[in-house]
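For reference, the chains in residue letters:
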Amino acid sequence: MRNKYLQFGLGMIVGGLLCGTTAAAVDYLTARPTTQTFYLSGQSIQFEAYEIHGNNFVKLRDIGQAVDFGVTYDGSTNSVYIDPNAHYEQEVTPPAQATPAPSALTEDTVRATIRALRDHYPTGAYYPAPYVPNNPLDRPYSNCDACAGWAMLCSDAAFGELPWRRVMNPRWENIRAGDMMDWHDTGHVVVVLEKTAEYVKVTEFGRNNMARWGGQYFRWWLEEQPEYSLRTRYPQ
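Conventions used here
Residues numbered from 1 in each chain as written. Predicted model: local features only at pLDDT ≥ 70, side-chain atom pairs only at ≥ 80, totals over all residues. Heavy atoms only, no water. Helix = DSSP H or I, 4+ residues; strand = E, 2+ residues; numbered from the N terminus. Buried < 20%, exposed > 50% of the residue type's maximum accessible area, 1.4 Å probe, protein only. Contact = heavy atoms within 4.5 Å. Areas by Shrake-Rupley, 256 points an atom, 1.4 Å probe, with all protein chains shown as cover. Phe/Tyr/Trp six-rings, centres within 6.5 Å; stacked < 30°, edge-to-face > 60°. Lys NZ or Arg CZ within 6 Å of the ring centre and 35° of its normal. Pairing = 2+ DSSP bridges. Axes fitted to C-alpha atoms, helices over the stretch in contact; angles between N-to-C directions.

Caption draft 1: Representation of the overall build of the chain in the model. The helix and strand tally for the chain stands at five helices and 13 strands. Here the chain holds 236 residues, and the buried ones make up 40% of them. Partitioning the contacts of the chain with sequence separation of at least 6, the portion at a separation of at least 24 is 59%. Carbon and sulfur atoms make up 51% of the accessible area of the chain, which amounts to about 13,000 Å² in all.

See below:
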């Protein structure tokens, strides 16, 4: 019976939402919450599931937890391991730091805190999505997966529960490490690590659903994007 449920779980395609809100331009790639009901041993069970092109997308970890089989992920090799003979164990997410004191909040400390996340999420690694922000009722983006969830994870690690504010068409000299930058045409979000006179270096979660460190965006390109803005949590 255990293997029967495992085969059921593996038969469901495990997926996620595309990064940008405009990326789902074609209807068959649009993700919608499913209206179907799932049953396990005759009992109704709740999954966070989405319908994409007539198929239900459910996280493999959720199935593993419900049926009780082992699911682990190795970020160094970008590999998922399934063990039908093991019990499910909840994935442990590194906790975000407590709210830093404003006097201790500098670009250097913010940059160091975010870069430390590479030990858990190197380039090519996935993070536990959807991410649960430190303050779920006051978050800068409506969705908590893909690039937005990754940006909030990085920001929470550095800023704790400090409030954020949006700045439209920011002045280049006001951009700081830890700021989240986005623009409308792709709905993409990046987190600033370094800034020069010509470009910013960032960390981001790309369309391949993998963390990336060391991405680069030129100033001239960013300032040409529609609805170009940043969200910052540095105290005013």
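Caption draft 2: Highlighting the packing of aromatic side chains. Under the definition given, this model contains eleven aromatic pairs. Aromatic side chains Y127 and F205 sit 4.7 Å apart centroid to centroid with 75° between the ring planes, which places their arrangement in the edge-to-face category. A residue pair is termed long-range when its members are at least 10 positions apart, and Y127 in the loop between α3 (107–115) and α4 (146–159) and F205 in strand β11 (residues 199–205) qualify at 78 residues. Relative to W221, the ring of Y217 lies with its centre 5.9 Å away and its plane at 40°, an arrangement referred to as tilted. Put simply, the rings of Y121, Y127, W150, F205 and W213 touch in pairs and so form one group of aromatic residues. The positively charged end of R118 is found above the aromatic ring belonging to W213, 5.6 Å away from the centroid. A cation over an aromatic ring shows up here: R176 above the ring of Y234, its NZ or CZ 4.1 Å from the ring centre.

Caption draft 3: Looking closely at the pairing of strand β4 (residues 49–52). As paired elements, strand β1 (residues 32–33) and β4 share two bridges and run antiparallel to each other. In the strand pairing of β4, P33 is matched with Y50. The antiparallel pairing of β4 with strand β5 (residues 55–58) creates a hairpin that spans two residues between the two strands, and H53 there sits at a positive phi of about 55°.

Caption draft 4: Here's a closer look at the sheet that holds strand β9 (residues 180–182). In space, the six strands of this open sheet follow the order β8-β13-β9-β10-β11-β12, with antiparallel pairing throughout. Unpaired on one side and paired on the other, β8 (165–168) and β12 (211–218) mark the two borders of the sheet. On average, each strand axis in the sheet is inclined to that of its neighbour by 35°, with strand direction left out of account. Bridging between strand β10 (residues 189–195) and β11 involves five bridges; their strand directions are antiparallel. In the sheet register, V191 faces β11, and the bridge partner there is T203. Taken strand by strand, α4 contacts β9, β10, β11 and β12, and its axis lies near 110° from that of β11.

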